[in-house]
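Structural overview for review
Here are the chains, one letter per residue:
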Amino acid sequence: MKWYPIPKWIPFKRGITLWWPWRREPRIYLPKSRTSDPGRLERTLDHEAVHCIQWRLLGRVRFAWRYLTSQKHRLELEAEAFAASVRWWPIGTLLKLGPGLLGRVPPIHYYAHALSKGYRLKYGVSECREAIQRYL
Ligand SMILES: [Zn+2]
């Protein structure tokens, strides 16, 4: 999957998918922190690939409008994308950290926490967890 280094003028520490008006396709931008670790890169690309599909299905304007103006829509769009990361997590983590971690850190909780804290949402961890589970 093709991706690009995140431009310096975008102050973003996570991956981001943008569909510029002058581009034919949405583009995935990733910061160095997400690309230096192969497992993290795969998980992030899975997440951003879902946003690419969402952009295409909803159209440029509708996706951007919903994402930027509606907490409920942003929750659902991100929950669907995080579900892709959750599905990938056991294999990637097993390869990297060994089976011991699988029993200790429920991946869905990790992503529910990230969703609750990192996206300017009013929803708590349990609501974010339920949203992600709807897409699993
Ligand atoms: Zn996302």
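Let me sum up the structure you'll find in this document. (Residues numbered from 1 in each chain as written. Predicted model: local features only at pLDDT ≥ 70, side-chain atom pairs only at ≥ 80, totals over all residues.)

1. Some remarks on the nonpolar core
Our working definition: Nonpolar cores are identified as sets of buried Ala, Val, Leu, Ile, Met, Phe, Trp, Tyr and Cys residues joined via C-beta atoms within 7 Å. Three exposure classes are used. Buried residues have 20 or more other C-beta atoms within 10 Å of their own C-beta, exposed residues have 12 or fewer, and partly exposed residues fall in between, all C-beta atoms being placed from the backbone. The helix and strand labels rest on DSSP assignments: H or I over at least four residues marks a helix, E over at least two residues marks a strand, and numbering proceeds from the N terminus.
In this structure, A79, F82, A83, Y111, L115, C128 and I132 are the most contacted members of the largest nonpolar core, which totals 15 residues. Of all the elements in the fold, those that place two or more residues in this core are α4 (71-97), α6 (107-118) and α7 (125-133). With eight residues, α4 is the single largest residue contributor to this core.

2. Quick notes on the packing of helix α2 (residues 38-58) against helix α3 (residues 60-69)
Packed helix pairs are specified by the crossing angle of their axes together with the interaxial distance, meaning the distance between the axes. Quick note on the threshold: Interaxial angles span 0 to 180 degrees and are taken between N-to-C directions of axes, which are lines fitted to C-alpha atoms, for helices over the stretch in contact. In a left-handed crossing the near helix is turned counterclockwise from the far helix by less than a right angle, and in a right-handed crossing that turn is clockwise. Contact definition: two residues whose C-beta atoms, as placed from backbone geometry, lie within 7 Å. All residues other than Ala, Val, Leu, Ile, Met, Phe, Trp, Tyr, Cys, Pro, Asp, Glu, Lys and Arg, Gly among them, are scored as polar; the first ten of these are nonpolar and the last four charged.
Interhelical geometry of α2 versus α3 gives an angle of 115° and a closest axis separation of 6 Å. In this structure, α2 meets α3 at a crossing whose hand is right-handed. For the pair α2 and α3, the contacting residues are Q54, W55 and L58 in the first and R60, R62, F63 and R66 in the second. Among the residues making up the contact of α2 with α3, the classes are represented as three nonpolar, one polar and three charged.

3. Looking at the environment of H109
With respect to the helices and strands, the residue H109 is situated in helix α6. For the pair formed by H109 and S126, sequence separation is 17 residues and the distance between their alpha carbons is 8.5 Å.

4. Comments concerning the sheet that holds strand β1 (residues 4-5)
Here is the rule we go by: DSSP bridges decide pairing: two strands pair if at least two such bridges lie between them.
Overall, mixed pairing links the three strands, which are arranged β1-β3-β2 in an open sheet. Of all strands in the sheet, those with a lone pairing partner are β1 and β2 (16-18), marking the two edges. Bridging between β2 and strand β3 (residues 27-30) involves three bridges; their strand directions are antiparallel. Opposite L18, over in β3, you have R27 as the bridge partner.

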